[in-house]
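Results of the structural survey
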Amino acid sequence: MIDVCLLGTGGMMPLPYRALTSLMMRYNGSSLLVDCGEATQISVRRRGWSFNPIDVIFITHFHADHISGLPGMLLAMGNADRTEPVTIVGPEGIEHVVRSLCVIAPRLPFELRFIELDKSQSEQVLELCGLRVKAFKVNHNMLCYGYSFELDRAGKFDAEAAKNLGLPVQFWNKLQKGEVVEFEGKKYTSDMVMGPDRKGLKVTYTTDTRPTDKIVEEATGADLFICEGMYGDDDAESISKAREKKHMTMQEAAGIAVKAQPKEMWLTHYSPSMIKPEQYTDAIREIFPRAVVSKDRRTIELVFED
């Protein structure tokens, strides 16, 4: 089970009625945060979630609306009695940028650790907090990454197969965990008693980009695809703005979803000039029926299919 909350849905600047785009996920006692614009901690507080369990913070790129809230967030975590190390993942230069920002938060009660993504690679895979995380380059006017989070699920344990092998029950749990068991001079491996892997869970998140084939690839099979929809109109002026500033229209985001076919798509990162993003819901659902024009703090609990 993974809890997912889209803390904010705004782009460029926080508004009285719309926080900046940020994502928070909870899994197995850990929390993961993606992007941290100014005042992100207010949305966490309004959602009623805790700062203390945030183990990893992922940054997509170095524009202010995605990182300038980090000193305040780290201070809030310290005030929530956080003492364990916090890992920050981001583009090359992430440590230098964060250390510079944290001049105004110099005495944190926990260690900061950094994973700098290699800009020479189009994608990188990390294992963090029990999840497989893929960082992949997107197409913005500066180096920017999307992230996919995957939770694998093993196949079903075949008790009859274990019995037929003559293995005592006390060894079954080890085999379920993928361990090798030795019994009466023989070695037993999990593939002898486990069925094929079952469908796990997948969340793909991307903002600040033009449409790319890589985003389609990553969103394919996702239980939840969160994608920017900076502009709601599909006229020549909006498309021109999107191309110039390397953003997307809602219609372009929906077109990605048509190709990728995620279970659900949430739109986010709206232009400050867009007062009522929800007015485009019907038009977007004509393109992709499982689209949601999200509001701040929209939350879902993702669970395995069966």
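Below or above, wherever it landed, is the structure these notes cover.

1. Let's talk about the overall build of the protein
Helix and strand content of the protein: ten helices and 16 strands. Whereas a compact globule of 306 residues would reach a radius of gyration of roughly 19 Å, the protein reaches 21 Å, a difference of no more than 12%. Taking the principal axes of the C-alpha coordinates as reference, the protein spans close to 75 × 50 × 40 Å. The buried share of the protein, taken over its 306 residues, is 53%. Contacts in the protein between residues at least 24 apart in sequence constitute 65% of all its contacts with a sequence separation of at least 6. Summed over all atoms, the accessible surface of the protein reaches about 14,000 Å², with 48% contributed by carbon and sulfur.

2. Considerations on the nonpolar core
Of all hydrophobic cores here, the largest spans 29 residues; its most connected members are Val4, Phe58 and Tyr147. Ranked by residue count, the leading element in this core is strand 9 (residues 145–153), at four residues. Residues Cys5, Val44, Trp49 and Ala105 belong to the second largest nonpolar core, which totals 27 residues.

3. Thoughts on the sheet that holds strand 6 (residues 112–116)
The strands making up a sheet are joined through hydrogen bonds of the backbone, oriented either antiparallel or parallel. Read across the sheet, seven strands follow the order 6-5-4-3-2-1-16 without closing on themselves; strand pairing throughout is mixed. Two strands bound the open sheet, and with one partner strand each, they are strand 6 and strand 16 (298–302). When strand polarity is set aside, the average angle formed by the axes of neighbouring strands in this sheet is 20 degrees. As judged from the four bridges shared by strand 3 (residues 30–34) and strand 4 (residues 54–58), these two strands associate in the parallel manner. The partner of valine 34 across the bridge, within strand 4, is phenylalanine 58.

4. Some points on the side chain of arginine 210
Within the secondary structure layout, arginine 210 lies in the loop between strand 12 (198–206) and helix 7 (213–219). Judged by its relative accessible area of 11%, arginine 210 is buried. A distance of 2.7 Å separates the side chain of arginine 210 from the backbone oxygen of histidine 247, its partner in a polar contact. Residues contacting arginine 210, with those up to four places away along its chain left out, are Asn139, Ile215, Ala242, Arg243, Lys246, His247, Met248 and Glu252.

5. Let's talk about the pattern of salt bridges
Counted under the stated rule, the structure contains 17 salt bridges. A salt bridge links glutamate 305 to lysine 263, with the shortest nitrogen-to-oxygen separation between them at 3.4 Å. Of the two residues, glutamate 305 sits in the segment after strand 16 while lysine 263 sits in the loop between helix 9 (250–260) and strand 14 (265–268), which places them 42 residues apart along the sequence. With a relative accessible area of 56%, glutamate 305 lands in the exposed category. Several salt bridges share partner residues, and in doing so they unite Glu123, Lys134, Lys214, Glu217 and Glu218 into one network.

6. A short note on the side chain of aspartate 65
Within the secondary structure, aspartate 65 sits in helix 2 (residues 64–67). A polar contact of 2.9 Å, which involves the side chain of aspartate 65, links it to the backbone nitrogen of methionine 12. Within the structure, the side chain of aspartate 65 is placed 3.4 Å from the side chain of histidine 269, a separation counted as a polar contact. The residues touching aspartate 65, leaving out its near neighbours within four places in the chain, are Gly11, Met12, Leu20, Gly37 and His269.

7. Digging into unusual backbone geometry
Its identity is not glycine, yet aspartate 35 carries a phi of approximately 70 degrees, on the positive side. Among the structural elements, aspartate 35 can be located in the loop between strand 3 and helix 1 (40–47). Here glutamate 184, not a glycine, exhibits a phi torsion of approximately 50 degrees, which is positive. When you line up the elements, glutamate 184 lands in the loop between strand 10 (181–183) and strand 11 (186–188). Residue classification places glutamate 184 among the exposed positions, given a relative accessible area of 69%.

8. A few points about the sheet that holds strand 15 (residues 291–293)
Taking strand neighbours across the sheet as the criterion, the seven strands line up as 7-8-9-12-13-14-15 in an open arrangement whose pairing is mixed. A single partner strand is all that each edge strand has here, and the edge strands are strand 7 (123–128) and strand 15. Neighbour-to-neighbour, the strand axes of this sheet turn through a mean angle of 20 degrees, independent of strand direction. Alignment of strand 13 (residues 224–228) against strand 14, held across four bridges, turns out to be parallel. From the neighbouring strand, phenylalanine 225 faces strand 14, where its bridge partner is methionine 265.

What counts as what
Residues numbered from 1 in each chain as written. Predicted model: local features only at pLDDT ≥ 70, side-chain atom pairs only at ≥ 80, totals over all residues. Heavy atoms only, no water. Helix = DSSP H or I, 4+ residues; strand = E, 2+ residues; numbered from the N terminus. Rg over C-alpha atoms; globule rule 2.2 N^0.38 Å. Buried < 20%, exposed > 50% of the residue type's maximum accessible area, 1.4 Å probe, protein only. Contact = heavy atoms within 4.5 Å. Areas by Shrake-Rupley, 256 points an atom, 1.4 Å probe, with all protein chains shown as cover. Core = buried A, V, L, I, M, F, W, Y, C linked by side-chain atoms within 4.5 Å. Pairing = 2+ DSSP bridges. Axes fitted to C-alpha atoms, helices over the stretch in contact; angles between N-to-C directions. Polar contact = N/O pair within 3.5 Å; in protein donor to acceptor, adjacent residues only side chain to side chain. Salt bridge = Lys/Arg side-chain N within 4 Å of Asp/Glu carboxyl O.

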